[in-house]
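Inside the fold
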Amino acid sequence: SREPSYGNYGPVSKNDVNVKWNLGEVDDDYFPYDKEVIFLEDEEFTSNSKGGEEKTRTMLVYGGDVWDKGGADLYVIRQLLSLHRRYPHRVHFLMGNRDINKMRIVDELGVPSHNLPGEKAPLPYHGGVYWLRGTGFVGDPLVQRQIMDITPHFKERSTQSKFRLVVPSESATERLKWMLGKTMGSVDAFEFRRSELKKERLTILNSTSSSNKLRGSKNYHYSHHSYEVMEGIDLQITDEEVFQSYIRSCDPSTGLMGEYLSHAKLIIRFGPALFLHGALPFSIAVEDGSIVLTSTDFEFPTPWKENCGTSNHSTLLEWMNDLNQFASSQVKSWKEYGVELSKSHQPSRDGVWATDGGYFNDTPGGKRFGALLQYGMGTLPHHVKNTSVVYNSWMSDGMPRSELFCDKQPDGKNPVGRFMKNEKLQIILSGHQPIGDMPWPILVSSRDETNGSARWVIPCDTSFSGDTGWTTTDGCESTMRKNVGRGSVKSGRGEVSICETLVKFCHSKNEVSAIDMHGCLSDGSNYVMKNITSNDYENFRIGRALATEQKRFYDTSSGISREGIFWIKAKFGHQRLVSHGKGYNVWNALIR
């Protein structure tokens, strides 16, 4: 069965709280939130071992990146917002980089009132994007400036072939396509939205088909436009309709993304559990080609402040409050900027944040919300790594970062373990970077090392499950399986893969009482791991490297042999699921 349990686990005691952690992009053929309402209700009871009933308080934490990859952007975000309206204290959102970058829409395209259907309005002046500087591609600021210096009049520029490198400025729709596909890493997003709008229209047509036959035609309101429904109507969605859907859904004041960002945070903590989209930005440097830590202590970076080189925070709580207050104020300014633009007759001609980027940008939009846009990026304008909880990762080239996680480091020396010990954390959960077809548990400190509760970091993004490879490892008795592939679904998850991570808290003890994982792997096999913190799983070395030496394995996709270190991710009866990652590629093997 592909269906998970939706977090419907009975509590260990009346003080237990289940927190469901859901990350990554969701496919359009399966989205469980419409069923999860049943265990988010305030008065849900489950039977206990003594025959009585106990109240279960379940919370949902959504890890961000709600759009771009799954083909059901509007449906997913509406479901999430609907849940939040009904259960505001039990449904929580994180900001992902794909959510924050949608704030660029108003800066680079304007607001809906500047882009009315059928009207050709001027677009904001666009000088390119800083991360394409020096590439020679469309949007390279250096090329853009050269062209602007040569020919100041756009009509003259547009007739010459070499000026095709200019950022699209004649058509708002073409600029949106360029933004999504070339600057946001969302090459399929425009067509995904077209497909979703078509499904919506077809649903409305089907629901009104009976009355249509009786009346012949009927007018109704759809996506802010009136359409006439009649026999033989063309269901094709035009480029203009897709553009209008984007510009309205990204409107700061009335759009769905505006509402999502209003409720979202950069970092969330419940007791000993920490939730963030990416990873904690430990200070690093490159020495002799290797990445090393500049400090084993976490330095609580605040790069949006003028004195970003230092931090006046000494605790996680202080830093979290500062982070979330910063994000909230930037979103508020973004909304105010949208209202101001709506009152004007045309967009700004004074440039956009993306051209020069930075935390202290002088463009109209950059002054208001450019700092949050920068915080959602991986690098700064001069190719310096950004110290952000949104874009950092626990992984390096597909594997857990050796400078952060090392079996040879005792608890007091391991930088992540040291931080978690000081802040009384037992688990950190994140998303952002795809890590195969199930979460990637990393055991930071075992029970023996802490003389108490184990400490875990668990990246959970499985959005490319459909591409996970299966192999056998050299020197291990292993079983070969096969990925069933992406199938007909639009997302990279494939038709069978799904996962769920549940964290159980005991409030009376202020500790994590259990961490459960279950779901379906890319080969169609189900797995259930109840409480990976138990001694049974520690004996299987779940969350650690299989061995320090590299194993040879066969890559079925390329037909060549490779070498790499495998990580123990799960227990399957008397077998263990191990994985090796390289970039965004992940290979699984089942070994005895």
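What you are looking at is a predicted structure, and each value in this text was computed from that prediction instead of being measured.

Quick notes on the rules
Residues numbered from 1 in each chain as written. Predicted model: local features only at pLDDT ≥ 70, side-chain atom pairs only at ≥ 80, totals over all residues. Heavy atoms only, no water. Helix = DSSP H or I, 4+ residues; strand = E, 2+ residues; numbered from the N terminus. Buried < 20%, exposed > 50% of the residue type's maximum accessible area, 1.4 Å probe, protein only. Areas by Shrake-Rupley, 256 points an atom, 1.4 Å probe, with all protein chains shown as cover. Core = buried A, V, L, I, M, F, W, Y, C linked by side-chain atoms within 4.5 Å. Contact = heavy atoms within 4.5 Å. Lys, Arg positive; Asp, Glu negative; His and termini not counted. Salt bridge = Lys/Arg side-chain N within 4 Å of Asp/Glu carboxyl O. Polar contact = N/O pair within 3.5 Å; in protein donor to acceptor, adjacent residues only side chain to side chain. Pairing = 2+ DSSP bridges. Axes fitted to C-alpha atoms, helices over the stretch in contact; angles between N-to-C directions. Phe/Tyr/Trp six-rings, centres within 6.5 Å; stacked < 30°, edge-to-face > 60°. Parallel < 35°, antiparallel > 145°, perpendicular 65-115°, else oblique. Left-handed = near helix turned anticlockwise from the far one by under 90°. Nonpolar A, V, L, I, M, F, W, Y, C, P; charged D, E, K, R; others polar.

Moving on, we get to the overall build of the protein chain. On a plain count of helices and strands, the protein chain comes out with 17 helices and 26 strands. Every one of the 592 residues in the protein chain was classed for burial, and the buried ones make up 58%. A total of about 25,400 Å² of accessible surface is found on the protein chain, and carbon and sulfur atoms cover 49% of it.

So, on to unusual backbone geometry. The backbone of Lys424 shows a phi angle near 55°, a positive value even though the residue is not glycine. Relative to the assigned elements, Lys424 resides in the loop between α15 (415-422) and β14 (427-430). Overall, Lys424 belongs to the exposed group, its relative accessible area being 65%. With a phi close to 55°, Asn510 is a non-glycine residue in the positive phi region. As for its placement among the helices and strands, Asn510 is situated in the loop between β19 (498-506) and β20 (511-520). Looking at Asn510, the relative accessible area reads 52%, which means it is exposed.

Nonpolar side chains tend to gather and get buried jointly when the protein is soluble and globular. Residues Tyr260, Leu266, Leu280, Tyr375 and Trp394 are the most contacted members of the largest nonpolar core, which totals 96 residues. Once residues lying within four places of it in the same chain are set aside, the contact partners of Leu280 are Leu274, Phe298, Trp319, Trp394, Phe419 and Ile428. Counting 40 residues, the second-largest nonpolar core is a separate cluster that includes Ile427, Met529, Leu546 and Trp587.

With respect to the element layout, Asp251 can be found in the loop between α10 (239-249) and α11 (256-263). Among buried Asp, Glu, Lys and Arg side chains, Asp251 stands out as unpaired, with Lys335 the closest opposite charge at 7.4 Å. Within polar-contact distance, the side chain of Asp251 engages the backbone nitrogen of Ser253 at 3.2 Å. If we skip the residues at most four places from it in the chain, Asp251 touches Val111, Pro112 and Gly258.

It is worth spelling out the sheet that holds β14 at this point. The strands making up a sheet associate through hydrogen bonds between their backbones, and the pairing can be parallel or antiparallel. Strand order in the open sheet formed by 5 strands is β8-β9-β14-β16-β15, and the pairing between neighbours is mixed. The sheet is open, and its two edges are formed by β8 (267-270) and β15 (442-445), each paired on a single side. Taking the axes of each pair of neighbouring strands and ignoring which way they run, one obtains an average angle of 15° across the sheet. With 4 bridges connecting them, β14 and strand β16 (residues 455-459) associate as parallel partners. Opposite Ile427, over in β16, you have Trp456 as the bridge partner. On top of the sheet, α15 reaches β14, β15 and β16; it is set at about 115° to β16, its chief contact.

Applying the stated rule across the entire model yields 21 aromatic pairs. Their ring planes at 85° and their centres at 5.9 Å tell us that Tyr130 and Trp353 sit as a pair that is edge-to-face. Note that Tyr130 is positioned in the loop between α4 (104-109) and α5 (141-150) and Trp353 in helix α13 (residues 353-356), a separation of 223 residues in sequence. For Tyr130, a relative accessible area of 1% translates into the label buried.

Between helix α7 (residues 172-183) and α10, whose axes approach to 9 Å, the crossing angle comes to 65°. In terms of orientation, α7 and α10 fall into the roughly perpendicular class. The crossing of α7 and α10 is left-handed. Side by side, α7 and α10 meet where Ala172, Thr173, Leu176, Lys177 and Leu180 of the first sit next to Asp239, Glu240, Phe243 and Tyr246 of the second. Residues of the contact of α7 with α10, tallied by class, amount to 5 nonpolar, 1 polar and 3 charged.

Time to look at the pairing of β20. Of all 10 residues making up β20, 8 are buried, and the element is well covered by its neighbours. Sheet topology note: the β19/β20 ladder contains 9 bridges and is antiparallel. Within β20, the position partnered with Cys506 by the bridge is Glu511. Between β19 and β20, which pair antiparallel one after the other, the connecting turn spans 4 residues, and Asn510 there sits at a positive phi close to 55°. Looking at chain direction, β20 and strand β21 (residues 526-529) are connected through 4 bridges and run antiparallel. For Gly519, the partnering residue across the bridge sits in β21 and is Tyr527. Between β20 and β21, which pair antiparallel in sequence order, lie 5 residues; one of them, Gly524, sits at a positive phi of approximately 95°.

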